[in-house]
Structure formats: C-alpha cells, structure tokens
Amino acid sequence: MSKLIVSLSPHAHGSDSVERNMRGVIIALMPALLVSFLYFGIGSVIVCLSSVAACVFFEWAINKYILKNPRNTITDCSAALTGLLLGMNLPSNLPVWIIIIGALFAIGVAKMTFGGLGNNIFNPALVGRCALLVAFPAQMTTWPEPGHLLSYTDATTGATPLAVMKEAIKTGDISVLEQLPDAFNLLLGDYSLGGGAGTIGEICGLALLMGFVYMLWKKIITWHIPVSIVATVFVFSAIMHLVSPIYADPTTVILSGGLLLGAIFMATDYVTSPMTPKGQLIYGVCIGLLTIIIRNWGAYPEGMSFAILIMNAFTPLINNYVKPKRFGEVQVPKN
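Residues numbered from 1 in each chain as written. Predicted model: local features only at pLDDT ≥ 70, side-chain atom pairs only at ≥ 80, totals over all residues. Heavy atoms only, no water.

Attention now goes to the overall build of the protein chain. Within the protein chain one finds 14 helices and zero strands. Helices and strands in the protein chain line up, N terminus first, as α-α-α-α-α-α-α-α-α-α-α-α-α-α. Counting across all 335 residues of the protein chain, residues that qualify as buried make up 50%. Taking all contacts inside the protein chain whose residues are at least 6 apart in sequence as the whole, residues at least 24 apart take part in 74%. (Helix = DSSP H or I, 4+ residues; strand = E, 2+ residues; numbered from the N terminus. Buried < 20%, exposed > 50% of the residue type's maximum accessible area, 1.4 Å probe, protein only. Contact = heavy atoms within 4.5 Å.)

Here is the structure:
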C-alpha cells in the first residue's frame, strides 16, 4: 500500500533533484576529461578511475559499517562526482596508493564526518587535494608533459606556466616569461613548446568553458561565482602587469593553472557556497583576490584551492550578512 502524504500548500513541482544536478556536472566535465585522455593518455585514465572508485567505495563502506545508514547514498552520484573532481585536480603520474589516501580524506574526513552530502563545510575534493599537497608535496608538484600517452609514473616532467610565473616574480627576470605558451595555446591546451601542463583537469581552457556553458544552459549553476572570480583575477592581474612587467598578462593568468576548473566546478558547489546572488558575488570576488595574493606572494604557485577552502569557511557569515529582509515582522521594543 502506498503512503499518502498530506501537506499544506503551496506545492512546487519540478524535475530538479540532487541526482540530476550531480549527473549534469559530470556531463559538463566530459569535454575536459576527454581532452585530458588525449593529452595524458593512460596516466589520466588510471588516476581518474582510481579516484572515482575509491571515493564511491569509501562512501559505501562508511555508510554501511560505521554510520549504519540503511540508505545507499552512492546512487545520488555525489561520491562519483567528488572522485572525478579530485582526480582532475591531481597530476597524471600520481601513484594509486596516494590517490586512495586523498579519496579517504575527501569522503571520510571532509564529507561523511559532517553527516554526508548537504552538511559538509568544505568542498570534499579540494580537502582531499590539499591534504595530499601537504602530505606528499614532491609527488603533488611533479607535472608530466603532455603527449606521453603510454607513460604513467615514469612520464617526462617539466615546469608549469604557474611555476614559470613564480620564478619570474622571485628573480625579477622578465625573460623567464618568454617560456610561457601564448593565451591561444593555453586555451586549446597546446603545450608543444614543452613544460608540464599541471593537473589533469586544467589542460584545456576551452573544454572547461564548454562545460560552463552547458551548466548555465541546464540551469545547474548561475554565472555569479565563476564570472566574479574571473573578473576579479583579470582586474587585479592587469593592474599588477601594468605596474611591473614581471607579472604575466591577465589573460595568461586566467588560462593558467586551475583557475577555470576551480571557478566553474569547485567554487560553485551548492553546499559550500552562498545562497543568494549578492552573497555569491562577494564570495567570488574574495576567491579571486585570495588567488592572486597566494599565487604571487604565497609559498605555492597555485592558490585557487586554498582560496576556495578559505571562503568556504566564510560562507555562513556571508549568508547571514546578505539574508533577505523579512517584511511584516513585529519588532518588540526593548525595555
């Protein structure tokens, strides 16, 4: 017998659901994932599959044997999406055992410890990435050069565009920037001049932008966070480039590293980002500013992951600051 549920109006009807949105983000990641397979070959396949499998397994095991939850949460595709995002934030030559540790941090520490999807404070995939970056700095900052399709852990490595920019800032030598690919090559993922290409997911800016357009079309995300991040980075990097030529031009800065991957797919996480458009704009501007600060003056060449996690912590404050005013509320005067 079916259960009759009676509730007060109004009633909203729609096809939107957690599963639909998670699948939509996975579909949006497909262009970047396929391009990474073409550039990194077997290394990209091994890393991404290992990450997805490990994240799904840990969520299933923790639910079943630790939380004793009868509901099978892996069917909502959130664990698979976390695994895919984690894999795309890793080098294509990372050993499987390190990937498994990252998946355990992402699911076990950042997600399930707080009660699962909807309760986590920080983006799980970024927690896994940053945990690995702190624990295994050598392996996490060794970047394979694209084109070695059959090489995995023994792939030829090189300096990434962000590392080149960091070197120019440290030494004050403008000629170092001549090693950078031009903006068009960065957009297409053409690293034919040599050098490492960074993480699996940041290889091709055009593929990431295709995913962004798809998610806007499907109304999975809004434009506020990605556009505010990119605009902030563009403005501040343009100012710095005008002040001193040791800082790369803003277009190259935006297309280098994981900025587009983070702005489109990581910062827009429903759970850890503000709810209102005004709050999302504040959130995006702060992420963009922190990214520029960390990239130019921090210890690491890339600052996107840390910037997003820092602002994840401020999301409740932003929500409280921009919450809509309630009309019709009676103010009781204080004695």
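Here the focus is the packing of aromatic side chains. The final tally for this structure, using the stated rule, is six aromatic pairs. Between Tyr 214 and Trp 217 the ring centres are 6.0 Å apart and the planes differ by 70°, which places this aromatic pair in the edge-to-face class. Taken together, the residues Tyr 214 and Trp 217, both in helix 9 (residues 205–217) and three residues apart, mark about one turn of the helix. Residues Tyr 300 and Phe 306 carry aromatic rings whose centres are separated by 5.4 Å and whose planes lie at 25° to one another, so their mutual orientation is stacked. Aromatic ring contacts, followed pair by pair, group Phe 57, Phe 58, Trp 60 and Tyr 65 into a single cluster. Sitting above the plane of the Trp 217 ring, Lys 218 keeps its charged end 4.4 Å from the centroid. (Phe/Tyr/Trp six-rings, centres within 6.5 Å; stacked < 30°, edge-to-face > 60°. Lys NZ or Arg CZ within 6 Å of the ring centre and 35° of its normal.)

By size, the foremost hydrophobic cluster in this structure holds 85 residues, and its most contacted members are Leu 29, Leu 90, Met 215, Phe 265, Tyr 283, Ile 287 and Ile 308. Dropping the residues within four chain positions of it, Ile 287 is found in contact with Ile 229, Ala 267, Met 304, Ala 307, Ile 308 and Met 311. (Core = buried A, V, L, I, M, F, W, Y, C linked by side-chain atoms within 4.5 Å.)

Glancing now at helix 2 (residues 42–66). Over its 25 residues, helix 2 extends 35 Å from the first C-alpha to the last, a length consistent with the 36 Å expected when each residue adds 1.5 Å. Positive phi appears at Lys 68, one or two residues downstream of helix 2, with a value of about 55°. (Expected span 1.5 Å × (residues − 1).)

The terminal C-alpha atoms of helix 9, which comprises 13 residues, lie 18 Å apart, in line with the 18 Å expected from a rise of 1.5 Å per residue. For helix 9, every residue scored as buried is listed here: Gly 205, Ala 207, Leu 208, Gly 211, Phe 212 and Met 215. All buried residues of helix 9 project into a common sector of 165° when viewed along the axis, lining one side. Exposed side chains of helix 9 directed beyond 90 degrees from the buried face belong to Val 213 and Trp 217. Trailing helix 9 by a residue or two, Lys 219 shows a phi angle of about 60°, which is positive. (Arc of directions from axis to C-beta.)

Below, the discussion takes up the confidence of the model for the protein chain. Keep in mind that low pLDDT regions are not for reading the predicted coordinates in detail. Averaged over the protein chain, the pLDDT score is 87; the fraction of residues at 70 or greater is 89%. Within the model, pLDDT remains below 50 along residues 8–12, and this stretch shows zero contacts once partners closer than five positions in the same chain are excluded. (pLDDT = per-residue confidence, 0-100.)

What follows concerns the environment of Lys 111. Checked against the element boundaries, Lys 111 lands in the loop between helix 4 (96–109) and helix 5 (124–135). Separated by 13 residues in the primary sequence, Lys 111 and Pro 124 have C-alpha atoms spaced 5.9 Å apart. Ignoring anything within four residues of it in the chain, the contact list for Lys 111 reads Glu 59, Ser 78, Ala 79, Ala 106, Gly 116, Leu 117, Asn 120 and Pro 124.

The next thing to look at is a nonpolar patch on the surface. The grouping of Phe 234, Val 235, Phe 236, Ile 239, Val 243, Leu 289, Ile 293 and Trp 297 at the surface amounts to a nonpolar patch, some 750 Å² of accessible area in total. For the nonpolar patch, the element with the highest residue contribution is helix 10 (residues 224–243), accounting for five residues. Summarising the element assignment, Phe 234 is placed in helix 10. Looking at Phe 234, the relative accessible area reads 39%, which means it is partly exposed. (Patch = residues over 30% accessible without salt bridge, like charges linked within 9 Å, V, L, I, M, F, W, Y side chains within 5 Å. Areas by Shrake-Rupley, 256 points an atom, 1.4 Å probe, with all protein chains shown as cover. Salt bridge = Lys/Arg side-chain N within 4 Å of Asp/Glu carboxyl O.)

For the rest of this paragraph, the subject is the side chain of Gln 280. By secondary structure assignment, the location of Gln 280 is in helix 13 (residues 277–297). Once residues lying within four places of it in the same chain are set aside, the contact partners of Gln 280 are Thr 222, His 224, Ile 225, Ser 228, Pro 274 and Met 275.

Once that is clear, we can look at unusual backbone geometry. In the Ramachandran plot, Lys 68 falls in the positive-phi region, its phi being about 55° despite a non-glycine side chain. Inspection of the secondary structure assignment puts Lys 68 in the loop between helix 2 and helix 3 (78–88). Backbone geometry at Cys 77 places phi at a positive 70°, although glycine is not the residue there. Within the element layout of this structure, Cys 77 appears in the loop between helix 2 and helix 3. By relative accessible area, Cys 77 is classed as buried at 17%.

A word on the packing of helix 7 (residues 161–171) against helix 13. Taken N-terminus to C-terminus, the directions of helix 7 and helix 13 make an angle of 65°; their axes are 9 Å apart at the nearest point. Put simply, helix 7 runs roughly perpendicular to helix 13. On the side of helix 7, the interface is formed by Leu 162, Lys 166 and Ile 169, while helix 13 contributes Ile 294, Arg 295, Asn 296 and Trp 297. (Axes fitted to C-alpha atoms, helices over the stretch in contact; angles between N-to-C directions. Parallel < 35°, antiparallel > 145°, perpendicular 65-115°, else oblique.)

By the element assignment, Gly 115 lies in the loop between helix 4 and helix 5. What makes Gly 115 partly exposed here is its relative accessible area of 46%. Here the alpha-carbon distance between Gly 115 and Asn 63, two residues 52 residues apart in the chain, equals 9.9 Å.

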